[in-house]
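# Residue-level structural notes
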Amino acid sequence: MSIGRKQGLVEVADGIHVWLPADGSWGWSNAGLIADNDQTMIVDTLFDLPLTKIMLGEMGRVIPAVKEHVDILLNTHANGDHCHGNELVPTSRIISSVATADEMSELPPAALAAMVRRFEEDDSPLGRYIKHAFGDFNFSDITMKAPTETFTKSMSVTIGDLEIELIEVGPAHTKGDVLVYVPSRGVIFTGDILFIEGTPLMWAGPVDNWIDACDRIASLEAVTIPGHGPITDSSGAIAVRDYWIMLKNEAKIRFDDGMSVRDAARDIDLGAFADWGESERIYLNVNSLYREFGSSEVVEDVMELFAEMGQIWEGEGENEKHI
Ligand SMILES: [Zn+2]
C-alpha cells in the first residue's frame, strides 16, 4: 500500500495511527498509537519535548483517553528521537528490551544538549554537520524517563482485544531494536530497522542480524509497515536488506584489499541506493562493518564519526583536511 506523502497523525488501520513528520532526515522519526476498547499504547516518543507535546496533543484529539492515561509506552530502541519525550506520556508502564534500557543511559539528553551548544558558533565542517543533524531540536530540560519493564527476544501484550507481539531483532541499528507487530491489523512498527528513502545507519550491528530482521519483516503478514520515513510494505524491508547485502559485500572486498574505511566509503558505488537521503552515513556503516571484519583501525569516537560523515555530506574539494 502507499500512504504517499502524508504527515501528522495518520490512521493506517482500525485503531492504529502513525505520526509522520514532514521528512525523515536526522532526528525526524515516526511514532505510533494503538487503541482498542479504551486501552492505548504509544510506540516511541520524539526527539524533544516541544515536538512530543504537539504529537500527544494530536493523539489526544483523536483518542481522548490518551490525555489521561496511556496503558503502555513502548520504546523501539534507545536513540533519543525515539524516547526523549517519555516523561510527557501519562503512563506507569514503559517497555523496552533489556539492551535498549541499558543503552538509554549511555547518551543522556544533557550531553546532547551540551554538544549542540558547543558547536553553535563552530563553522568547521563538523560544526556545520552537527547543526544540520541536530540544530532543529531543543534538548534542554529533558528528564529521561526509563523503561519500567524489560524483556529479551519476545513478549506479548494486549491492548483491548488486540494481541501485540514485541519482537527483539537487535543488536542491529542499536543494541536492542524491537519490532511491534499487530497481526490482526496487518501492521508492524519497525523503529529504525527500516529507513525508507533515507540511508540506514548501523551503530551496533552485526549486519547479519539486520538482514535477518528485514527477512523476518518481509515474511510477516503485514501490509502496513512504518519505519523511519514514509510508510512502506514488504518491498521496503527487501530494499533495506539489499542495501546491507550490497554494502557488506563491497566493504568486505575493500577490507580484504587493505583499503582504509575512509577510502572504502568513498570508493563504493551506491548504485540504486545513491538516491536515498543521508548517503554520507556510508562512512559510519563501513566503519561498523570493518569492526565486524576485525579491523584494528575503526573509529570509535562518535564526534570523529560525525566529522567524517560531515566531510562527505559537504563534498570534498582539493583542500580536504582531516579534523
Ligand atoms: Zn534510531
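Presented here is a report on the structure given in the accompanying data block. (Residues numbered from 1 in each chain as written. Predicted model: local features only at pLDDT ≥ 70, side-chain atom pairs only at ≥ 80, totals over all residues. Heavy atoms only, no water.)

Our next topic: the side chain of Thr40. Within the fold, Thr40 resides in strand β4 (residues 39–43). Filtering out sequence-adjacent residues up to four positions away, Thr40 remains in contact with Leu33, Ile34, Ala35, Ile63, Val66, His69, Val70, Asp71, Ile72 and Ile159. (Helix = DSSP H or I, 4+ residues; strand = E, 2+ residues; numbered from the N terminus. Contact = heavy atoms within 4.5 Å.)

Bringing the environment of Asp81 into the picture now. Counting through the fold element by element, Asp81 comes out in the loop between β5 (72–74) and β6 (94–97). In the structure, Asp81 is positioned 195 residues away from Trp276 in sequence and 20 Å away in space, judged by C-alpha atoms. Aside from chain neighbours lying at most four places away, what touches Asp81 is Gly27, Ser29, Thr45, Leu46, Phe47, Asp192 and His228.

The next point concerns the sheet that holds β4. The pairing of strands in a sheet comes from backbone hydrogen bonds and takes either a parallel or an antiparallel form. Taken together, the seven strands give an open sheet; going across it, the order is β1-β2-β3-β4-β5-β6-β7, and neighbouring strands pair in mixed fashion. Two strands close off the open sheet at either side, each with one partner strand: β1 (8–13) and β7 (149–151). Across the sheet, the mean angle separating the axes of adjacent strands is 25° when strand polarity is ignored. Strand direction decides the pairing type here: strand β3 (residues 31–36) and β4, joined by five bridges, are antiparallel. Considered in β4, the bridge of Asp36 is made with Gln39. Against the sheet, helix α1 (residues 49–62) touches β1, β2 (16–20), β3 and β4, its axis set at about 155° to β2. (Pairing = 2+ DSSP bridges. Axes fitted to C-alpha atoms, helices over the stretch in contact; angles between N-to-C directions.)

It is worth spelling out the packing of aromatic side chains at this point. Considering all chains together, one arrives at 21 aromatic pairs under this definition. Residues Phe134 and Phe306 carry aromatic rings whose centres are separated by 5.5 Å and whose planes lie at 70° to one another, so their mutual orientation is edge-to-face. Separated by 172 residues along the polypeptide, Phe134 in helix α5 (residues 125–134) and Phe306 in helix α10 (residues 302–314) bring together distant segments of the chain. A residue is classified by how much of its surface remains accessible, and Phe134, at 6% relative accessible area, is buried. Accessibility expressed as a relative area gives 4% for Phe306, which makes it buried. Ring centres 5.4 Å apart and planes at 45° place the aromatic pair Phe255 and Phe293 in the tilted group. (Phe/Tyr/Trp six-rings, centres within 6.5 Å; stacked < 30°, edge-to-face > 60°. Buried < 20%, exposed > 50% of the residue type's maximum accessible area, 1.4 Å probe, protein only.)

Protein coordination at the zinc ion comes from His77 (NE2), Asn79 (OD1), His173 (NE2) and Asp192 (OD), with a distance range of 2.0 to 2.2 Å. Taken together, the four donor atoms coordinating the zinc ion span angles of 77 to 163° at the metal, a pattern that classifies the geometry as irregular. Taken in chain order, the donor set of the zinc ion reads H-x1-N-x93-H-x18-D. Taken as a pair, His173 in the loop between β9 (162–168) and β10 (178–182) and Asp192 in the loop between β11 (187–189) and α6 (207–219) lie far apart in primary sequence, 19 residues in all. When its relative accessible area of 3% is taken as the criterion, Asp192 is described as buried. (Donors = N, O, S within 2.8 Å, 3.2 Å for Na, K, Ca; no water. Tetrahedral: all angles 85-135°; square planar, octahedral: opposite > 155°, others 65-115°.)

Here the largest pocket is characterised by a volume of approximately 820 Å³. Asn79, Glu103, Leu107, Trp203 and Val302 are the residues nearest the centre of the largest pocket, which is lined by 38 residues in total. Of all the secondary-structure elements, those providing two or more residues to the lining of the largest pocket are α3 (98–104), α4 (109–118), α9 (282–293) and α10. Sort the elements by how many residues they give to the lining of the largest pocket and α10 lands first, with four residues. In the lining of the largest pocket, the residues fall into 22 nonpolar, eight polar and eight charged. (1 Å grid on protein atoms, 1.4 Å probe; cavity = no way out; pocket = protein on both sides within 12 Å on 5 of 7 lines; lining within 4 Å. Points joined across faces, edges and corners; volume = space filled by probe spheres on them. Nonpolar A, V, L, I, M, F, W, Y, C, P; charged D, E, K, R; others polar.)

Turning to the pairing of β2, a few remarks are in order. The buried fraction of β2 is high, at five of five residues. Along β2, one buried face is formed by Ile16, Val18 and Leu20 and the opposite face, lined by His17 and Trp19, is buried too. As defined by bridge partners, β1 adjoins β2 across five bridges and the pair is classed as antiparallel. From the neighbouring strand, Glu11 faces β2, where its bridge partner is His17. Count of turn residues in the β1/β2 antiparallel hairpin: two residues, of which Gly15 carries a positive phi of about 80°.

This paragraph deals with the side chain of Gln311. The residue Gln311 is located in helix α10 in this model. Judged by relative accessible area, Gln311 falls into the buried class, the value being 6%. Separated by 3.1 Å, the side chains of Gln311 and Arg262 make a polar contact. (Polar contact = N/O pair within 3.5 Å; in protein donor to acceptor, adjacent residues only side chain to side chain.)

In this model, Gly170 is joined to Pro171 through a cis peptide bond whose omega is 5°. Tracing the sequence through the fold places Pro171 in the loop between β9 and β10. Omega for the peptide link from Gly205 to Pro206 comes to 5°, which places this bond in the cis form. When you line up the elements, Pro206 lands in the loop between β11 and α6.

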